[in-house]
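Topology and contacts: notes
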Amino acid sequence: MTVTPTEKTAAEQARKTESNGTERTGARTAEAAGVITGARERIDALDDRIIGLIQERMAVSAVIQQARIASGGRRVNLSREMEVLGHYREALGKPGTALAMTLLELCRGKI
Ligand SMILES: C=C(O[C@@H]1C=C(C(=O)O)C=C[C@H]1O)C(=O)O
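Just so you know, these numbers come straight off a predicted model, no measurement behind them.

Further remarks concern the overall build of the protein chain. Looking only at helices and strands, the protein chain has five helices and zero strands in total. Moving toward the C terminus, one meets the helices and strands of the protein chain in the order α-α-α-α-α. Since a compact globule built from 111 residues should have a radius of gyration of about 13 Å, the 25 Å found for the protein chain marks it as more spread out than a globular shape. With the C-alpha coordinates aligned to their principal axes, the bounding extent of the protein chain is approximately 80 × 35 × 20 Å. Expressed as a percentage of its 111 residues, the buried residues of the protein chain come to 1%.

Ser-61, Ile-64, Gln-65, Val-76, Asn-77, Arg-80, Glu-81, Val-84, Leu-104, Cys-107 and Arg-108 make up every residue found near the ligand. Every element with two or more residues in the shell around the ligand is listed here: helix H3 (30–70), helix H4 (78–92) and helix H5 (94–107). When the residues that make up the shell around the ligand are grouped by side-chain class, the tally is five nonpolar, three polar and three charged.

Turning to the environment of Val-76, a few remarks are in order. Topologically, Val-76 is positioned in the loop between H3 and H4. Classification of Val-76 as exposed rests on a count of 12 C-beta atoms within 10 Å. Note: C-alpha distance between Val-76 and Arg-108 (32 residues apart in sequence) is 7.4 Å.

Time to look at the confidence of the model for the protein chain. Confidence in the prediction of the protein chain, expressed as mean pLDDT, is 93, and 97% of residues score 70 or more. Scored as a whole, the predicted complex attains pTM 0.88, and scored at its interfaces, ipTM 0.99.

Along the polypeptide, Leu-106 turns up in helix H5. Judged by local crowding, Leu-106 falls into the partly exposed class, with 14 C-beta atoms found within 10 Å. Sequence separation of Leu-106 and Arg-57 is 49 residues, and the distance between their C-alpha atoms is 9.4 Å. Beyond its immediate sequence surroundings of up to four residues, Leu-106 is in contact with Ile-54 and Met-58.

What counts and how
Residues numbered from 1 in each chain as written. Predicted model: local features only at pLDDT ≥ 70, side-chain atom pairs only at ≥ 80, totals over all residues. Helix = DSSP H or I, 4+ residues; strand = E, 2+ residues; numbered from the N terminus. Rg over C-alpha atoms; globule rule 2.2 N^0.38 Å. Buried ≥ 20, exposed ≤ 12 C-beta atoms within 10 Å, placed from the backbone. Near = placed C-beta within 6 Å. Nonpolar A, V, L, I, M, F, W, Y, C, P; charged D, E, K, R; others polar. pLDDT = per-residue confidence, 0-100. Contact = placed C-beta atoms within 7 Å.

Next up, the structure:
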């Protein structure tokens, strides 16, 4: 199979585009691609910490639920869940409520 000069140029351009990160980041300049790549690394590190904190929250919540159930009480305490929902809503607005509901779902019943 023969490769025409036009095909060679297209392949070289594709390689350059990838090497300056614009393909991967959606940026139109190498400079913007550099900013995005660095910021994405920070986001990945933050997400790892957030996931770790959620796992820690699940473990602490399980301790509370276990103690309450062992004492003859119920797993769920709705008035406390309302406080948690209010806390997130005050800090983050309406999406905060949705986030808190997901957190409560993750934390409930893991024992
Ligand atoms: C952890 C508790 O138990 C349950 C789990 C909650 C939570 O994960 O925040 C909140 C209320 C309860 O339904 C608690 O009562 O504080």
